[in-house]
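# Chain and residue survey
Chain residues, written in single-letter form:
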Amino acid sequence: MAASTTFEPVLERIAEEVERTPGRGRPAGYIPALAARDPRSFGMAVAEPDGSVYGVGDWRRPFSVQSITKVFTLALDLAREGDALWEHVGREPSGNPFNSLVQLEYEDGIPRNPFINAGALVVTDRLHTRTGDAAGELLAFLRAESGNPGLGFDVEVAASEEAHGNRNAALAHFMASYGNIDNPVPVLLDQYFRQCSVAASCADLALATGFLARHGIRADGTRLLSRSQAKQVNAVMLTCGTYDAAGEFAYRVGLPGKSGVGGGIIAVVPGRCTLCVWGPGLDERGNSVAGVAALERFTTLTGLSVF
Ligand code: DON
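Okay, so let's go over this structure.

Calculation rules
- Residues numbered from 1 in each chain as written.
- Predicted model: local features only at pLDDT ≥ 70, side-chain atom pairs only at ≥ 80, totals over all residues.
- Pairing = 2+ DSSP bridges.
- Helix = DSSP H or I, 4+ residues; strand = E, 2+ residues; numbered from the N terminus.
- Axes fitted to C-alpha atoms, helices over the stretch in contact; angles between N-to-C directions.
- Contact = placed C-beta atoms within 7 Å.
- Expected span 1.5 Å × (residues − 1).
- Buried ≥ 20, exposed ≤ 12 C-beta atoms within 10 Å, placed from the backbone.

A few words now on the sheet that holds strand β2 (residues 53–57). Strand order across the open sheet formed by 5 strands is β2-β1-β8-β7-β6, with antiparallel pairing between neighbours. Of all the strands in the sheet, the pair left with one neighbour each is β2 and β6 (257–259). Between one strand axis and the next, the sheet turns through 10° on average, direction left out of account. Packing of helix α14 (residues 289–302) onto the sheet brings it into contact with β1 (43–47), β6, β7 (264–269) and β8 (273–278), and relative to β8 it is tilted by some 145°.

Here we have 3 strands laid out as an open sheet, ordered β3-β5-β4, and antiparallel in their pairing. The outermost strands of the open sheet, each flanked by one partner alone, are β3 (63–64) and β4 (152–153). Note: β3 against strand β5 (residues 198–200), 2 bridges, orientation antiparallel. Paired with Ser-64 across the two strands is Ala-199, which belongs to β5.

Before going further, it helps to examine helix α3 (residues 69–81). Here α3 spans 18 Å end to end across 13 residues, near enough to the 18 Å set by a 1.5 Å rise per residue. Judged by how many residues are buried, α3 sits mostly within the fold: 10 of 13 residues are covered. Restricting attention to buried positions, one finds in α3 the residues Thr-69, Lys-70, Val-71, Phe-72, Thr-73, Leu-74, Ala-75, Leu-76, Asp-77 and Leu-78. At the C-terminal side of α3, Gly-82 shows a positive phi close to 65°.

The buried count for β7 comes to 6 of 6 residues, which makes it a mostly enclosed element. Neither face of β7 is left uncovered, since the one carrying Gly-264, Ile-266 and Val-268 and the one carrying Ile-265, Ala-267 and Val-269 both have all their residues buried. In this sheet, β7 lies alongside β6 in antiparallel orientation, the contact comprising 3 bridges. Across the sheet, the residue bridging to Ser-259 is Ile-265, located in β7. The antiparallel pairing of β6 with β7 creates a hairpin that spans 4 residues between the two strands, and Gly-263 there sits at a positive phi of about 100°. With 6 bridges connecting them, β7 and β8 associate as antiparallel partners. Note on β8: the bridge partner recorded for Val-268 is Thr-274. From the end of β7 to the start of β8, which pair antiparallel, there are 3 residues, and Gly-271 there has a positive phi angle of about 80°.

What follows concerns the environment of Phe-307. Along the chain, Phe-307 turns up in the segment after α14. For Phe-307, a count of 8 C-beta atoms within 10 Å translates into the label exposed. Expressed as a C-alpha distance, the spacing of Phe-307 and Ala-250, which sit 57 residues apart in the sequence, is 9.6 Å.

Glancing now at helix α12 (residues 227–240). Its 14 residues place the ends of α12 20 Å apart at the C-alpha level, agreeing with the 20 Å of an ideal helix rising 1.5 Å per residue. Among the residues making up α12, those that are buried are Ala-230, Val-233, Asn-234, Val-236, Met-237, Leu-238 and Cys-240. Residues of α12 that are buried sit in contact with α3, α11 (210–213), α13 (246–252), β6 and β7.

Written out as structure tokens, the structure reads:
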């Protein structure tokens, strides 16, 4: 891939600043397979709509994609079923942690948005019904968009999540009691844990997110989403992509973004570029400390933001 001379100096400056930052948070402890990651690791990549990509630090090193996959399953399902999806999942910020149960009972088993765990389970369930293999569909999409056929599931991470998956199982069973889950819960959980376990690098994910900067157009020039749907996915990322920290993220970074407890965050500058940062140390809301700081510096230094 061609290197971008536009972004190279900015990324190098950000990497130097991050290197000097002492506090980096802690890796996710509730998934034991993720707990051993070094919080001082850092990588950042930026991809342009023509597929050129440039990065710094550990930008080619695979990490656990986790909740970032929720953007891709949302896009894949929306492309198939369109607005009917929104009868089963909302698009309002929850103001609660990503794995919270509390709103589900008041709101009749309809999760607030597709990025909290409950909403992502609904999306994966619907994608699985439509494709027969939601996780496989996701993986094929990520391989195609990143141009990296080596992407795969991390079976150790998936098994670790399954072994500690009572919270997700509770969410899925509870929504099933309202008729908002089609597949047997164990089938859905297996799909969801494999989905979350995908391992990919900053370079892979910056490229795979490109369709959101290209207003719905995939890397091969075909259309996945309408222009309007791409706008909608970006809007839901802005308002819900970092859970109960979405307001703070929008304030600091000013871009649609989606985090994962593996320490990655993707972000989109529509029409201009996509970004992926990785630093496994998290804040108390599950967002990468170095990642948010790096994105904040990127938008400040370049002046690129949606505002
Ligand atoms: O279901 C879970 O709890 C994890 N597989 C994903 C959570 C996650 O990445 C939340 N992100 N910040």
